[in-house]
Amino acid sequence: MKKTDQKIFVTQPVLPALDEFTDLLKDIWGRKWLTNNGKYHQDFEKALADYLGVPYISLFSNGTLALISALQVLNITGEVITTPYSFVATTHALWWNNIKPVFVDVEPEFCNLDSKKIEAAITPKTTAILPVHVYGNPCDTEAIQEIADRYGLKVIYDAAHAFGVKQNGQSILNFGDLSILSFHATKVFNTIEGGAIVCHDEKTKKRIDYLKNFGFAGETEVIAPGINAKMNEVQSAFGLLQLKTIDKNILARKEIADFYCKHLDNIDGIERIVVPENLHYNYGYFPVFIDEQKYGMTRDALYEKLKANNIFGRRYFYPLISQFPTYRGLESARPENLPVAEMITDSVICLPIYPDLTRDDLKRILDIILNK
Ligand SMILES: *Cc1c(COP(=O)(O)O)cnc(C)c1O
């Protein structure tokens, strides 16, 4: 196979050293304790809270169940204000809780929920705001909290992209009432499948832990209709090892992002997000926005051209959640209500970025973007 025939995907998961993982598996085989808050679950939870700089974290089997459970933890009902520019699970989590999603437009700088447009969408039924730190860039958390406080609303951040992101040295996972993480294979930090809820106090942490285990608060006591969303020992051991290399991997991602910036910044019609100075960023995604007039090619034409050359960028996020059949009948899903999101979704393409992406791979990608 020629080198240029090799498929390059938008991401490739990082795996722990196999021999180290095998050692932990042997230990798990010896213990015969496979799930329900075992040794590795406890160790990983502690190590993770420490690494992320958060007081309390509860591990989950995946990010979607963490999000569905987070809404249960705070007894959210009625209507929730959210963004159409995200992975579909953000809105699905509301639907699974019988909550009506109310879409509000995003701002063009970071593609996050536009805090200036939230207030107009609040009704007597609104109980919470569910913003997403898209691509790991923080939302306008101060403005969102101010609105939430004024109207007595809860704030749950979908922080699936925000692993390890710090603003002025502080974890952005500490904003709002709860934040959820995803450790899916495609994310910056993975436990194959996995997720977590970050909270601020022990009482809430207890409630979360009960809810993810059927509501059990003791051997015979069930405090609420909980679910089964526990992370198992194999995932936890895997995650514990992943923490060893996360800093190195984020640095490798940064170097790739720097390469893209250096070579794409003076190309007409290719825009990107400028990461703020005060941010310790995770470089999970490298979205670019194609201006068809200036670049001389549509986003979809570039997407297809890359694909024809075995390079698989992804149009995150296209279509908008509000465009899917399940949601497009909602009043707030009308395109006129979401002009910025409608524009961004047709121009975005995420370029491949992952620690093992080589210079040769990058040159191959760049060559296609430059030679239209
Ligand atoms: C990945 C992702 C999720 C879902 O997480 P899973 O672990 O795959 O269930 C939710 N929201 C956003 C924004 C995501 O990117």
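Scroll up for the structure.
This text gives an overview of the structure that appears in the document.

Parameters at a glance
- Residues numbered from 1 in each chain as written.
- Predicted model: local features only at pLDDT ≥ 70, side-chain atom pairs only at ≥ 80, totals over all residues.
- Heavy atoms only, no water.
- 1 Å grid on protein atoms, 1.4 Å probe; cavity = no way out; pocket = protein on both sides within 12 Å on 5 of 7 lines; lining within 4 Å.
- Points joined across faces, edges and corners; volume = space filled by probe spheres on them.
- Helix = DSSP H or I, 4+ residues; strand = E, 2+ residues; numbered from the N terminus.
- Nonpolar A, V, L, I, M, F, W, Y, C, P; charged D, E, K, R; others polar.
- Near = heavy atom within 4 Å.
- Polar contact = N/O pair within 3.5 Å; in protein donor to acceptor, adjacent residues only side chain to side chain.
- Areas by Shrake-Rupley, 256 points an atom, 1.4 Å probe, with all protein chains shown as cover.
- Sits in = over half its atoms within 2 Å of the grid points.
- Contact = heavy atoms within 4.5 Å.
- Phe/Tyr/Trp six-rings, centres within 6.5 Å; stacked < 30°, edge-to-face > 60°.
- Lys NZ or Arg CZ within 6 Å of the ring centre and 35° of its normal.
- Axes fitted to C-alpha atoms, helices over the stretch in contact; angles between N-to-C directions.
- Left-handed = near helix turned anticlockwise from the far one by under 90°.
- Buried < 20%, exposed > 50% of the residue type's maximum accessible area, 1.4 Å probe, protein only.

### A short note on the layout of surface pockets
And then number 1: Of the volumes computed, that of the largest pocket is approximately 690 Å³.
And then number 2: In terms of residue count, helix 3 (residues 63-73) provides more of the lining of the largest pocket than any other element does, three residues in total.
And then number 3: Residues of the lining of the largest pocket, tallied by class, amount to 20 nonpolar, 12 polar and five charged.

### Re the site of the ligand
And then number 1: Around the ligand lies a shell of 14 residues, among which G63, T64, D158, S182 and K187 are the nearest.
And then number 2: Here D158 contributes a side-chain N or O atom positioned 2.7 Å from a nitrogen atom of the ligand.
And then number 3: Here an oxygen atom of the ligand and a side-chain polar atom of S182 are 2.7 Å apart.
And then number 4: Burial of the ligand by the protein amounts to 93% of the accessible area it has alone, namely 380 Å².
And then number 5: When atoms are counted within 2 Å of each cavity's grid points, the one that captures over half of the ligand is the largest pocket.
And then number 6: Of all the secondary-structure elements, those providing two or more residues to the shell around the ligand are helix 3 and helix 4 (89-95).
And then number 7: By residue class, the composition of the shell around the ligand is three nonpolar, nine polar and two charged.

### Considerations on the environment of S332
And then number 1: Mapped onto the elements, S332 comes out in the loop between strand 14 (311-312) and helix 10 (339-345).
And then number 2: Distance from S332 to V102, taken between C-alpha atoms, is 5.7 Å for residues 230 residues apart in sequence.
And then number 3: Non-local contacts of S332, meaning those with residues more than four positions away in its chain, are made with P101, V102, F103, N337 and L338.

### Notes on the packing of aromatic side chains
And then number 1: Tallied over the full model, the rule gives 19 aromatic pairs.
And then number 2: Where F214 meets F216, the ring centres are 6.4 Å apart and the plane angle is 75 degrees; that geometry is what we call edge-to-face.
And then number 3: Put simply, the rings of F44, Y51, F163, F183 and F189 pair up and form one aromatic cluster.
And then number 4: Residue placement shows R299 over the ring face of Y318; its charged tip is 4.7 Å from the ring centre.

### Digging into the packing of helix 1 (residues 18-31) against helix 7 (residues 233-264)
And then number 1: Running from amino to carboxyl end, helix 1 crosses helix 7 at an angle of 145 degrees, the nearest separation of the two axes being 10 Å. Both helix 1 and helix 7 take part in a crossing whose hand is right-handed. Packed against helix 1, whose contacting residues are E20, F21, L24, L25 and I28, the element helix 7 presents E233, V234, A237, F238, L241 and K244 at the interface.

### Section: the side chain of N112
And then number 1: Considering the arrangement of structural elements, one finds N112 in the loop between strand 4 (100-103) and strand 5 (126-130).
And then number 2: Accessibility expressed as a relative area gives 1% for N112, which makes it buried.
And then number 3: In this structure the side chain of N112 is engaged in a polar contact, spanning 2.8 Å, whose partner is the backbone nitrogen of V134.
And then number 4: Discounting residues that sit within four places of it in the chain, N112 has contacts with V106, E107, V132, H133, V134, N137, P138 and C139.

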